[in-house]
Amino acid sequence: LTIFFFVSGHETTSTLVTWTLFALALHPEIQHKLREELRTHPYDSPSLEELNSMHYLESVLRVALRLFAPVNFSTRVAQQDDVIPFETPFVDKYGVPRTELRVTKGDTIIIPIRILNRSKEIWGDDANEFSPERWDRLPQKTTSMPGVYNHLLTFLAGTHACIGFRFSLAEAK
């Protein structure tokens, strides 16, 4: 079990760092602003407290975690029959109005992490843009997003949330 935590945590964090560096390479103005903030700490081994005090570094990681979630989706198995109401009713492809989803015990439920983290309905028309400044002006709908970290599903939520999310963030920083 210990090796599972180590490997899964290392792999997902390295994926996050890779995508973050890729996004920074495409956005030199963001890279420059981040570099300026990092240069305010003139040594190679800042403490976790110092890393956590870097506002722009935190914002860069948040947007990277939102756009490039290392895990695209998660699954759950329904433990009982249930009904999940839709916030907004819709008409399906057969012309049938739908207001809820009936779930039967044993059904597999897919949680589309990356899709929800990029939803224009939740995050706005610029949902797919790499914009760290977003965290200075979050859309109102994001406040209803569950998650253990900053209105993101990247680390999931509740009893099945990622146990190592704080370590992952520290390692990425």
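Residues numbered from 1 in each chain as written. Predicted model: local features only at pLDDT ≥ 70, side-chain atom pairs only at ≥ 80, totals over all residues. Heavy atoms only, no water.

Draft legend 1. Seen up close, the overall build of the chain. On a plain count of helices and strands, the chain comes out with seven helices and four strands. Traced from its N-terminal end to its C-terminal end, the chain shows the element sequence α-α-α-α-β-β-β-β-α-α-α. For the chain, the proportion of its 173 residues judged to be buried stands at 31%. Once local pairs closer than 6 in sequence are excluded, the contacts in the chain between residues at least 24 apart make up 60%. For the chain, the computed accessible surface area is about 11200 Å², with 59% contributed by carbon and sulfur atoms. (Helix = DSSP H or I, 4+ residues; strand = E, 2+ residues; numbered from the N terminus. Buried < 20%, exposed > 50% of the residue type's maximum accessible area, 1.4 Å probe, protein only. Contact = heavy atoms within 4.5 Å. Areas by Shrake-Rupley, 256 points an atom, 1.4 Å probe, with all protein chains shown as cover.)

Draft legend 2. Helix H7 (residues 165-172), seen in detail. Buried residues of H7: Phe165, Ser168, Leu169 and Ala172, and no others. Down the axis of H7, the buried set is contained in an arc of 95°. They therefore lie on one face. Of the residues in H7, the exposed ones pointing more than 90 degrees away from the buried face are Arg166 and Phe167. (Arc of directions from axis to C-beta.)

Draft legend 3. Region of the structure containing the side chain of Glu37. On the secondary structure map, Glu37 appears in helix H2 (residues 28-38). Only 3.1 Å separates the side chain of Glu37 from the backbone nitrogen of His55, close enough to count as a polar contact. Here the side chain of Glu37 touches Leu57 through a polar contact of 2.8 Å, landing on its backbone nitrogen. Those residues in contact with Glu37, other than ones at most four positions away along the chain, are Met54, His55, Tyr56 and Leu57. (Polar contact = N/O pair within 3.5 Å; in protein donor to acceptor, adjacent residues only side chain to side chain.)

Draft legend 4. Just the environment of Leu138, in detail. Considering the arrangement of structural elements, one finds Leu138 in the loop between helix H6 (120-123) and H7. Residues Leu138 and Trp123, spaced 15 residues apart in sequence, show a C-alpha to C-alpha distance of 7.7 Å. The contacts of Leu138, once residues within four sequence positions are left out, are Trp123 and His151.

Draft legend 5. Main features of helix H4 (residues 55-67). The end-to-end C-alpha distance of H4, which contains 13 residues, comes to 19 Å, matching closely the 18 Å that a straight helix rising 1.5 Å per residue would cover. Buried residues dominate H4, accounting for twelve of its 13 residues. (Expected span 1.5 Å × (residues − 1).)

Draft legend 6. Quick look at the nonpolar core. With 32 residues, the main nonpolar core has Val60, Leu65, Phe130 and Tyr149 as its most contacted residues. Taken together, the elements giving at least two residues each to this core come down to helix H1 (2-26), H2, H4, H6 and H7. Filtering out sequence-adjacent residues up to four positions away, Tyr149 remains in contact with Glu58, Arg62, Leu65, Phe155, Phe165 and Leu169. (Core = buried A, V, L, I, M, F, W, Y, C linked by side-chain atoms within 4.5 Å.)

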